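Chains, contacts and geometry: an overview
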Amino acid sequence: MTRTFASLRHWRRDDRPGSFAHGIHPPEHKELTAHRPIERMPFVDALVLPLSQHIGAPSRAVVTVGDRVERGQLVAEPGGYVSVALHAPATGTIAAIERRLHPNGQLMDAIVLHVDSWATQRVLAADPVDPATLTEDQLVERIQRAGLVGLGGAAFPSHVKVKVPEGKRVRAVVINGAECEPYLTCDHRVMVERAAEVIRGTLILMDNVGARRAYIGVELNKPDAIAALERVAPPGVEVLGLPVKYPQGAEKHLIKAIFDREIPRGGLPIDLELVVNNVGTMAALADLFDRGQPLIERVITVSGPAIRHPKNLLVPIGTSLSAVIAHCGGLLPTVKQVVLGGPMMGQAQKSLDVPVLKGTSGVLCLDRVEITARREHPCIRCGRCVEACPMFLNPARLSRLVRYERAADLVASNLRACIECGSCSFVCPSGIPVVQYMRMGKAMVRAAEKAAS
């Protein structure tokens, strides 16, 4: 039987926050940008807005070529319940609706917006709204129509988390400020510079889901962020310093560290009467209700040893990577790879002609020292991947099953529990790209299930 907070004396463990088993400690490399204030990225000549920027169904365009749109205006509506709207990040003219290269490497439908260089670029924002005056359904719809998604990287539609399923209840919300990926400091700077908005969004979320308490988990390598949040946190909102370990930011491991409780296999945080969200998402939620601004821009970290001027930037959605890199002084000759996201879970890019998305947390420019092509050697059965895996899987065995294309055995060995954190690949002395095998295995399982249906 699943234990919930109703059966606990306290909603949280009595001692200081603990940690989770396994995991790794990669070099942090956060000193490049940790103390660099957020700068606003200038508008570029054209923005490319893929209709698929989130988990779920793509958005549906509601504009046509030649339409003039204002900054903040709706350009695409949700394509289903698990989908969100899309808005113009700048005032300009719709130049095309066509297939463009997506950061995932595929050609996908996108709206191309030519930016009006003479416009004031003021946001076409609605009046502030008191969320307490809205019904639950109205608030959920407003969040969906504002295009809000999780800004921690997964880009899961925010309104889905705000809607509490029938028969469930929420005792506490958990706000993720761990930011455990090396190099990334965008959440760090949001917490330092926009602490009041993070708390405001947290209070809106608490009120809507009926939670009595909130816990903001921040790794201890961000003392200025912890101090900034503590200065404005009201009673009922607790800021917790967490031990530094990767992948602390995964919601299952964040919950384990704070509450010493585990989400049931195949379950969700709501099964423990919790809702988990990112600090950046909370600031965006405050912007929506207090300023009427939809999600049209986000903070990203541009860092790495192969970029001339590392920065934290507030970037309009749809800005190309090439423009972002140029604004940061350009690449050094030693560049070897550009990664969208963090080095552990991010995606290497084959082209810089792709846009920043709602879920883009960083642009990492890595050199030959950081990215060294390793020859893959046979597995020596050392067990390091097993010791590192925070999901208690056997990555070595799973990768062998992938090689032999044994889809049924992959399912039986709980491959779906893999969060693709990359800890296994990081510790492998044989240079085996284990996490890539995990991704191949999931695709193999999906193909086998589709063929059997």
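Residues numbered from 1 in each chain as written. Predicted model: local features only at pLDDT ≥ 70, side-chain atom pairs only at ≥ 80, totals over all residues. Heavy atoms only, no water.

Here's the deal with the sheet that holds strand E13 (residues 297-303)
Within a sheet, neighbouring strands are paired by backbone hydrogen bonds and run either parallel or antiparallel to one another. Spatially, E1-E14-E13-E17-E15-E16 is the arrangement adopted by the six strands of the open sheet, whose pairing is mixed. Here the strands that pair on one side only, and so sit at the sheet edges, are strand E1 (38-40) and strand E16 (347-348). Pairing geometry for E13 and strand E14 (residues 311-316), over six bridges, is antiparallel. Bridging across to E14, Glu297 finds its partner in Pro316. Packed onto the sheet, helix H3 (residues 186-193) meets E1, E13 and E14 and runs at close to 125 degrees relative to E13. (Pairing = 2+ DSSP bridges. Helix = DSSP H or I, 4+ residues; strand = E, 2+ residues; numbered from the N terminus. Contact = heavy atoms within 4.5 Å. Axes fitted to C-alpha atoms, helices over the stretch in contact; angles between N-to-C directions.)

Remarks on helix H4 (residues 195-209)
The terminal C-alpha atoms of H4, which comprises 15 residues, lie 21 Å apart, in line with the 21 Å expected from a rise of 1.5 Å per residue. Residues of H4 that are buried include every one of Ala195, Val198, Ile199, Gly201, Thr202, Ile204, Leu205, Met206, Asn208 and Val209, and no others. Two residues or fewer past H4, Gly210 is found with a positive phi of approximately 80 degrees. (Expected span 1.5 Å × (residues − 1). Buried < 20%, exposed > 50% of the residue type's maximum accessible area, 1.4 Å probe, protein only.)

Focus on the packing of aromatic side chains
Going through the model one piece at a time under the given rule, you end up with one aromatic pair. Look at Tyr215 and Phe259: their rings are 5.4 Å apart centre to centre, the planes differ by 85 degrees, and that puts the pair in the edge-to-face class. You can see Tyr215 sitting in strand E10 (residues 213-219) and its partner Phe259 sitting in helix H6 (residues 251-259), a full 44 residues away along the chain. Judged on exposure class, the residue Tyr215 and its partner Phe259 are both buried. Taking NZ or CZ as reference, Lys245 lies 4.4 Å from the ring centre of Phe20, over its face. (Phe/Tyr/Trp six-rings, centres within 6.5 Å; stacked < 30°, edge-to-face > 60°. Lys NZ or Arg CZ within 6 Å of the ring centre and 35° of its normal.)

Let's talk about the nonpolar core
Ranked by size, the top nonpolar core spans 48 residues in total, and within it Val173, Leu205, Leu229 and Phe289 carry the most contacts. For this core, the secondary-structure elements that each account for two or more residues are helix H1 (136-145), strand E9 (172-177), H3, H4, E10, helix H5 (223-232), strand E11 (237-242) and helix H7 (279-291). Ignoring any residue separated from it by four or fewer positions in sequence, one finds Leu229 in contact with Met191, Ala195, Val198, Ile199, Ile216, Val218 and Val239. Listed in part, the 34 residues of the second largest apolar core include Val44, Val75, Leu113 and Val324. (Core = buried A, V, L, I, M, F, W, Y, C linked by side-chain atoms within 4.5 Å.)

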